[in-house]
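Coordinate inspection notes
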Amino acid sequence: AQSVTQLGSHVSVSEGALVLLRCNYSSSVPPYLFWYVQYPNQGLQLLLKYTTGATLVKGINGFEAEFKKSETSFHLTKPSAHMSDAAEYFCAVSDGPEKLTFGTGTRLTIIP
Amino acid sequence: GAVVSQHPSRVICKSGTSVKIECRSLDFQATTMFWYRQFPKQSLMLMATSNEGSKATYEQGVEKDKFLINHASLTLSTLTVTSAHPEDSSFYICSAPDGSTYGYTFGSGTRLTVV
């Protein structure tokens, strides 16, 4: 069975500051890892994904994440927060081309 | 890119009535569609997986007779909430593989309110 733990249901950062959203996973097989963003009353938009290859993955809107197998982590970062980054962020894991298992989400608030 | 169009975006219905939610793949063929449910301030929980031309596979604890899923064509999957009750009020989202490596595209969601 696979699972995802997102540490911190709410994260607040100042505009221009570093964004760090934490995600740890549990999987019995090499995982495929994803970060999605959700704006209010909308579906999910893919920020980035790790399948194979380079462990540092760059996504849209300046976000990136690093797959660390030894730490079973896939934390999401952005060097400089923007007001438009305020949203709900979900980490997800998949062990194949089927269903995703989502974390409980982290609500990111940007302080002007 | 692959787009899934989900309708309606919002619906309010009375207890005991049925509501149909549609998800259409606009520029690709979706042989598989995943249906999720999201309660306020919570994560997405997979309800069922539909495959074109065959019966849907429901997750444990999901009532198949209450949440009817039809995937009659490669571009349309529907979820019908039958005999809706207030506890069925939730945000429902569909998703389909988009053809990229382990890639999925999501519909914009349907906010169902049962009164």
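Here goes a summary of the coordinates provided. (Residues numbered from 1 in each chain as written. Chains lettered and ligands numbered in written order. Predicted model: local features only at pLDDT ≥ 70, side-chain atom pairs only at ≥ 80, totals over all residues. Heavy atoms only, no water.)

With respect to the overall build of chain A
This is how the line gets drawn: Strands here mean DSSP runs of E at least two residues long; helices mean DSSP runs of H or I at least four residues long; both are numbered from the N terminus. Radius of gyration means the value over C-alpha atoms here, while the globule rule gives 2.2 Å times the residue count to the 0.38 power. In this scheme, a residue with accessible area under 20% of its type's maximum is buried, one over 50% is exposed, and one in between is partly exposed, where area comes from a 1.4 Å probe on protein chains only. Should any heavy atoms of two residues lie within 4.5 Å, those residues are counted as being in contact.
What chain A contains, in helices and strands, is 0 helices and 12 strands. What you see in chain A, going N to C, is helices and strands ordered as β-β-β-β-β-β-β-β-β-β-β-β. Taking 2.2 N^0.38 as the reference for a compact globule, 112 residues should give roughly 13 Å; the C-alpha atoms of chain A span a radius of gyration of 13 Å, in line with that estimate. If you line up chain A on its principal axes, its C-alpha atoms span 40 × 30 × 20 Å. Put simply, chain A has 112 residues, and 45% of those count as buried. Taking all contacts inside chain A whose residues are at least 6 apart in sequence as the whole, residues at least 24 apart take part in 56%.

Notes on the interface of chain B and chain A
What counts here: When two parts are put together, the accessible area they lose, computed with a 1.4 Å probe and summed over both, is reported as buried area. For salt bridges, the criterion is a side-chain nitrogen of Lys or Arg within 4 Å of an Asp or Glu carboxyl oxygen.
The interface is formed by 21 residues belonging to chain B together with 20 residues belonging to chain A. Approximately 1700 Å² of surface area, both sides summed, lies buried where chain B meets chain A, with 55% of it carried by carbon and sulfur atoms. For the chain B face of the interface with chain A, the top three residues by lost area are Tyr 102, Tyr 104 and Phe 106 of chain B, together amounting to 37%. In this structure, the connection of chain B to chain A is made through 0 salt bridges. Listed by contribution, the elements that provide at least two residues to the side of chain B that touches chain A are strand S4 (32–38), strand S5 (44–51), strand S9 (90–97) and strand S10 (104–106) of chain B. When residues of the side of chain B that touches chain A are assigned to their parent elements, the largest contribution, 3 residues, is made by S4 of chain B.

Observations regarding the sheet that holds strand S1 (residues 4–7) of chain B
All names here are of chain B. To keep things clear, this is the line we draw: A pair of strands counts as paired when DSSP detects no fewer than two bridges linking them. Note on geometry: axes are C-alpha line fits, over the in-contact stretch for helices, and angles between N-to-C directions span 0 to 180 degrees.
Spatially, the 4 strands line up as an open sheet ordered S1-S3-S8-S7, and their pairing is antiparallel. Here the strands that pair on one side only, and so sit at the sheet edges, are S1 and strand S7 (67–73). Averaged over neighbouring strand pairs, the angle between their axes works out to 15° when direction is ignored. Across 5 bridges, the pairing between S7 and strand S8 (residues 76–81) is antiparallel. Its bridge partner lying in S8, Leu 68 is registered against Thr 80.

Focus: the side chain of Ser 25 of chain B
Residues and elements named next belong to chain B. Rules: Polar contacts here mean pairs of N or O atoms no more than 3.5 Å apart (in protein, one a potential hydrogen donor and the other a potential acceptor; neighbouring residues in sequence count only if both atoms are side-chain atoms).
By secondary structure assignment, the location of Ser 25 is in strand S3 (residues 19–25). Of the residues examined, Ser 25 reaches a relative accessible area of 5% and is grouped as buried. Within the structure, the side chain of Ser 25 is placed 2.8 Å from the backbone oxygen of Phe 28, a separation counted as a polar contact. Beyond its immediate sequence surroundings of up to four residues, Ser 25 is in contact with Val 3, Ala 30, Leu 74 and Thr 75.

A word on the pattern of salt bridges
One pass over the full model with this rule turns up 5 salt bridges over all chains. Where Glu 64 of chain A meets Lys 58 of chain A, a salt bridge forms, and the shortest distance between an N and an O atom there is 2.7 Å. A salt bridge links Lys 66 of chain B to Asp 88 of chain B, with the shortest nitrogen-to-oxygen separation between them at 2.8 Å. Placement of the pair is Lys 66 of chain B in the loop between strand S6 (57–58) and S7 and Asp 88 of chain B in the loop between S8 and S9, with a sequence separation of 22 residues. For the residue pair Lys 66 of chain B and Asp 88 of chain B, the accessibility class agrees, reading buried in each case.

Section: the side chain of Gln 38 of chain B
Its location among the elements puts Gln 38 of chain B in strand S4. A relative accessible area of 7% places Gln 38 of chain B in the buried class. Within polar-contact distance, the side chain of Gln 38 of chain B engages the side chain of Gln 38 of chain A at 3.0 Å. When near neighbours in sequence (up to four residues on either side) are disregarded, Gln 38 of chain B contacts Gln 38 and Phe 90 of chain A together with Ser 43, Leu 44, Ser 90, Phe 91 and Ile 93 of chain B.

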